[in-house]
Amino acid sequence: MCVNYIPIPKRLVLSHFAAAEPQADWPEEVWQDYAAPMLVHGRQGRQAVVANYGFLPKVKLPQGARYSTMNARAETIGQLKSYRNAWQRSQLCLVPMLGFFEPCYESGKAVRHQICLLDDEPFAVAGLWRAWEEGNGRRSYSFTQITINADEHPLMKRMHKPDDEKRNLVIIPEADYDAWLGCKSIELARTFLKNYPAQLMCAAEQPVPKKPSKNSTQQISLF
């Protein structure tokens, strides 16, 4: 599923998502364990927080453990140990972005495509967050994106290998941002987890960029 996306630029945090700009920066594209903004429900409304993309950061995993928590399947989010407590506590977030990337195999090989809205507007997908208490007394944050089955979605069923299950991120309509962030019922939260209309989305072939190195100043370490 989605392992690489374009987060919104800082200037859109306030102007488009009505949240105060965080002090920290983030890169133009993010991959696992990169810093990126998420929106949560704060005391005074929407709050933007810079967090780790990946619910369980690599530095928090046991030595030698290798698995990804960038995406959480809606079908098992309430059962898996990684996500269960945060899901039951309704630690819901929005992940704002300009687009995300998926491989399309219609040509017989993987071709990188950017998925975005037809009107080219920023959007936000459903996510789950958690906090970490650090040894220096600071608190850091991480998040995952929630995915659902998209076998019948006219656009997303074109992505990934022909025999793979098709998955999609949950794009939350703008009118439902606060309802999602403030939702305290697991049953109600599940009603938001549905595929966005394909006619309001588009996909375009994009070249594969050079991924910033671990020493790049574009990558921000929170830990």
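Residue numbers here run from 1 along each chain, matching the order of that chain's written sequence. Where local features are concerned, this predicted model is filtered to residues with pLDDT of at least 70; where side-chain atom pairs are given and counted, the filter is 80 or more; whole-chain, interface and lining totals use all residues. Neither water nor hydrogens contribute to the side-chain values; these are computed over all heavy atoms in the structure.

*Asks:* Would you explain the environment of serine 107 in this entry?
*Replies:* For the purposes of this entry, the term helix denotes a DSSP run of H or I that reaches at least four residues, the term strand denotes a run of E that reaches at least two, and both are numbered from the N terminus. Structurally, serine 107 can be placed in the loop between strand 5 (92-104) and strand 6 (111-117). Under the scheme applied here, a residue whose accessible area is under 20% of the maximum for its type counts as buried, over 50% as exposed, and between as partly exposed, the area being computed with a 1.4 Å probe on protein chains only. On the accessibility criterion, serine 107 (53% relative accessible area) is exposed. A distance of 3.3 Å separates a polar side-chain atom of serine 107 from the backbone oxygen of lysine 109. By the criterion applied in these results, polar contacts are pairs of N or O atoms within 3.5 Å in which, for protein atoms, one can donate a hydrogen and the other can accept it, and in which residues neighboring in sequence qualify only through two side-chain atoms.

*Asks:* Which parts of the structure should I look at to understand the pattern of salt bridges?
*Replies:* Note on pairing: side chains with opposite charge can pair once their charged atoms come close. A pairing counts as a salt bridge when a side-chain nitrogen of Lys or Arg comes within 4 Å of a carboxyl oxygen of Asp or Glu. According to the stated counting rule, one finds nine salt bridges in the structure shown. Here glutamate 29 makes a salt bridge to arginine 112, at a shortest N to O gap of 3.0 Å. Separated by 83 residues along the polypeptide, glutamate 29 in the loop between helix 1 (11-15) and strand 2 (35-42) and arginine 112 in strand 6 bring together distant segments of the chain. For glutamate 133, the salt bridge goes to arginine 139, with nearest N and O atoms at 2.6 Å.

*Asks:* Would you explain the confidence of the model for the protein chain in this entry?
*Replies:* A low pLDDT means the predicted coordinates there should not be read in detail. On a range of 0 to 100, pLDDT expresses the predictor's confidence in each residue. When pLDDT is averaged along the protein chain, the result is 92, and 94% of the positions lie at 70 or above. Across residues 214-223 the pLDDT falls below 50, and counting only partners more than four positions away or on other chains, this stretch makes 26 contacts in the model. In what follows, residue pairs with any heavy atoms lying within 4.5 Å of each other are defined as contacts.

*Asks:* Sorry, what's going on with the state of the cysteines here?
*Replies:* Think of a disulfide as a covalent bridge from one cysteine sulfur atom to another cysteine sulfur atom. Cysteine sulfur atoms that come within 2.5 Å of each other are treated as a disulfide pair. Counted according to the given criterion, the structure contains zero disulfides. Distance from the sulfur of cysteine 116, which forms no disulfide, to the nearest cysteine sulfur (cysteine 202) is 3.4 Å.

*Asks:* Looking at this model, I keep getting lost on the packing of aromatic side chains. Mind explaining?
*Replies:* Aromatic rings in a pair are described by how distant their centres are and how their planes are angled relative to each other. Aromatic pairing here means that ring centres of Phe, Tyr or Trp (its six-membered ring) are within 6.5 Å. Orientation follows from the plane angle: under 30 degrees is stacked, over 60 is edge-to-face, and everything else is tilted. With the rule as written, the count across this model stands at eight aromatic pairs. Where tyrosine 53 meets phenylalanine 143, the ring centres are 5.5 Å apart and the plane angle is 20 degrees; that geometry is what we call stacked. Here tyrosine 53, found in strand 3 (residues 45-53), pairs with phenylalanine 143, found in strand 8 (residues 139-149); they are 90 residues apart in sequence, far enough to count as distant. For phenylalanine 143, a relative accessible area of 0% gives the class buried. An aromatic cluster is present here, built from Tyr5, Tyr53 and Phe143 joined pairwise through their rings.

*Asks:* Mind showing me how you'd approach the environment of cysteine 93 here?
*Replies:* Assignment of secondary structure puts cysteine 93 in strand 5. The exposure class of cysteine 93 is buried, given its relative accessible area of 0%.

*Asks:* Mind showing me how you'd approach the nonpolar core here?
*Replies:* Inside soluble globular proteins, nonpolar side chains tend to come together where they are buried. Counting residues in hydrophobic clusters, the biggest one holds 36 residues, and the most contacted among them are Trp87, Leu94, Leu128, Ile146, Ile172, Trp180 and Leu193. Elements represented by at least two residues in this core include exactly helix 1, strand 2, strand 3, helix 2 (84-88), strand 5, strand 7 (123-133), strand 8 and helix 3 (177-181). When residues of this core are assigned to their parent elements, the largest contribution, four residues, is made by strand 7. Put simply, buried Ala, Val, Leu, Ile, Met, Phe, Trp, Tyr and Cys residues joined by side-chain atoms within 4.5 Å make one nonpolar core.

*Asks:* I would appreciate a short explanation of the side chain of threonine 147 in the present structure.
*Replies:* Among the structural elements, threonine 147 can be located in strand 8. For threonine 147, a relative accessible area of 2% translates into the label buried. Leave out the neighbours within four places in its chain, and threonine 147 touches Met1, Asn71, Ala72, Arg73, Ala74, Glu75, Arg167, Asn168 and Leu169.

*Asks:* Whenever I open this one, the side chain of serine 142 confuses me. Can you help?
*Replies:* With respect to the secondary-structure elements, serine 142 resides in strand 8. A polar atom in the side chain of serine 142 sits 2.9 Å from the side chain of tryptophan 132. Not counting residues up to four positions away in its chain, the partners in contact with serine 142 are Met38, Ala51, Asn52, Gly54, Phe55, Pro57, Leu128, Trp129, Arg130 and Trp132.

*Asks:* Help me out: how do you make sense of unusual backbone geometry in this one?
*Replies:* Across the chain, the bulk of peptide bonds are trans and the bulk of non-glycine residues have phi less than zero. Positive phi is not limited to glycine here, since aspartate 120 has a value of about 65 degrees. In this fold, aspartate 120 is placed in the loop between strand 6 and strand 7. Exposure remark for aspartate 120: the relative accessible area of 58% places this residue in the exposed category. Unusually for a residue other than glycine, histidine 160 sits at a positive phi of about 70 degrees. The buried category is assigned to histidine 160, whose relative accessible area is 14%.

*Asks:* Looking at this structure, I do not really get the pairing of strand 3. What am I missing?
*Replies:* Looking along a regular strand, one sees side chains alternate from face to face of the sheet. Being paired, for any two strands, means DSSP has found at least two bridges between them. Sheet topology note: the strand 2/strand 3 ladder contains eight bridges and is antiparallel. Looking at the pairing, methionine 38 lines up with valine 49 of strand 3. Adjacent in sequence and paired antiparallel, strand 2 and strand 3 are bridged by two residues.

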